[in-house]
Amino acid sequence: MKNITILGSTGSIGESTLDVVSQHPDAYNVIALTANASVDKMLMQVNRYKPDFVVMADEQAAERISTILLAKGCTEITVLSGVDGLQHVASLDAVDYVMAAIVGAAGLLPSLAAAKAGKRVLLANKEALVMSGHLFMQDIKRYGAELLPIDSEHNAIFQCMPHDLGSSLSLHGVERILLTASGGPFLNKSINELGAVTPDQACSHPNWSMGRKISVDSATMMNKGLEVIEAHWLFNAAPDKIQVVIHPQSVIHSMVQYRDGSVLAQMGNPDMRTPIAHAMAWPQRISSGVAELDLFDVAHLNFQRPDFNRFPCLRLAYEALKSGGTSCAILNAANEIAVESFLNETISFPMIPIVIESVLTELNSVDASSLEVILAADHSARELAKEAIASIR
Ligand code: NAD
Ligand code: MG
């Protein structure tokens, strides 16, 4: 029996994780569930999964849950709040696995706490690696933690790689990583058409159902940019060893190309329960509830080159990765602010990369030597992005 904490249990990845857990009640036990502020959803999950701990990042939400549980006479569940509460349940002695599925920079400290406590970290929160890849990978090693990628592409690459994350790729005969991308809902839209797209259009992904932030990232292709950075840290791959390949069907989740001409691919229906079940059971395999892939149904697999002109976010991410230091933390923070402003209809879709690029140009990258430096860069980038947005309105 493995005890699991699910950070971000009310989100898209969190719910898929609970779905896999509920298919294997004898193998996994939920110790803690966490969310930001969605009280009703959390109460439903608490009823069903009976965790020992509930953490709400939002203090008022935590108070409401606490009051409701007490009124029901339920005293055996501990309710905590804030980042401290999240870090606490990510590092409990009783916990074996931590699903890191908070969205954005808010996931960094809790994910790091799981690494520092030597847990198996099931990492969906790619922003944590983008912001502080060096420190994160260092902590995983130093504290004897295990890092299993949940992002479907990185989980696929992991499955197609020799299983010692972080060692030299060329030593294993790896030529390059082929990181597939669906291209998102706007793959075939012209630059002119992109000017008028709405948040709802951006959030209707053709193949995947996800939270709103990552859905917009997929539409701008910043998601793929963040994933290039994520792959760099996970697999110790230089930027020019990571090739983005547009593959609209999302059946191949990524590939690894070897020196002898072999290309290994991991395929499956686009459903996050596959990488989640893979990482939870690794090195074993368990059922996930995902339908078998029917290749006759798929019939065609297509590939094309990414277009850096229509999707400048991808270029910005490669540039930030090459420039190093705090550039990727700055890129991530500016992106979070720009996406939020697009979602609440303050800026248009094409303004997202413009805001990010202006912040990257204005803010100097420094050596990402400590968490404090990274969090300071994150803070400054957010402020500058807000100023940039205010100035264009
Ligand atoms: P989501 O928006 O559906 O869920 C986010 C979760 O984080 C929710 O439980 C929410 O309550 C919690 N949360 C939000 N803000 C918080 C804060 N400030 N403090 C604490 N908790 C907070 O997002 P998602 O689609 O599940 O994505 C989660 C992460 O997984 C992201 O980093 C995303 O990039 C990554 N990911 C998602 C998918 C997918 O298919 N959804 C695929 C690959 C990677
Ligand atoms: Mg992905």
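The rules behind each value
- Residues numbered from 1 in each chain as written.
- Chains lettered and ligands numbered in written order.
- Predicted model: local features only at pLDDT ≥ 70, side-chain atom pairs only at ≥ 80, totals over all residues.
- Heavy atoms only, no water.
- Domains from an automatic or database assignment.
- Contact = heavy atoms within 4.5 Å.
- Buried area = accessible area lost by both parts, 1.4 Å probe.
- Pairing = 2+ DSSP bridges.
- Helix = DSSP H or I, 4+ residues; strand = E, 2+ residues; numbered from the N terminus.
- Axes fitted to C-alpha atoms, helices over the stretch in contact; angles between N-to-C directions.
- Buried < 20%, exposed > 50% of the residue type's maximum accessible area, 1.4 Å probe, protein only.
- Right-handed = clockwise from strand over helix to strand, strands pointing away.
- Donors = N, O, S within 2.8 Å, 3.2 Å for Na, K, Ca; no water.

Caption draft 1: Just the domain arrangement of the protein chain, in detail. Assigned domains within the protein chain: domain 1 (2-149), domain 2 (152-268 + 303-309) and domain 3 (324-393). Once you take the C-alpha centre of each, domain 1 and domain 3 turn out to be 27 Å apart. In this complex, domain 1 contributes ten residues to the contact, which on the side of domain 3 involves eleven residues. Both faces combined, the contact of domain 1 with domain 3 buries some 800 Å², and carbon together with sulfur accounts for 74% of it.

Caption draft 2: Representation of the sheet that holds strand E10 (residues 252-258) within the structure. Overall, mixed pairing links the four strands, which are arranged E9-E8-E10-E11 in an open sheet. Of all the strands in the sheet, just strand E9 (242-246) and strand E11 (263-267) have a single pairing partner and so form its edges. Taken over all neighbouring pairs, the strand axes of this sheet differ in orientation by 20° on average, direction set aside. Here strand E8 (residues 174-181) runs beside E10; their pairing, made up of four bridges, is antiparallel. Bridging from a neighbouring strand, Val-174 pairs with Tyr-258 of E10.

Caption draft 3: Just the pairing of strand E3 (residues 53-56), in detail. Residues Phe-53 and Val-55 line one face of E3 and the alternating positions Val-54 and Met-56 line the opposite face, and both faces are buried. Here strand E2 (residues 28-35) runs beside E3; their pairing, made up of four bridges, is parallel. Across the sheet, residue Leu-33 finds its bridge partner in E3, namely Val-54. Crossover connection from E2 via helix H2 (residues 39-49) to parallel E3: handedness right-handed. Across four bridges, E3 lies against strand E4 (residues 78-81) in parallel orientation. Looking at the pairing, Phe-53 lines up with Thr-78 of E4.

Caption draft 4: Local environment of the coordination of the magnesium ion (ligand 2). Around the magnesium ion (ligand 2), the protein supplies Asp-151 (OD), Glu-153 (OE) and Glu-227 (OE) as donor atoms, at distances of 2.1 to 2.2 Å. We classify Glu-227 as buried; its relative accessible area is 1%.

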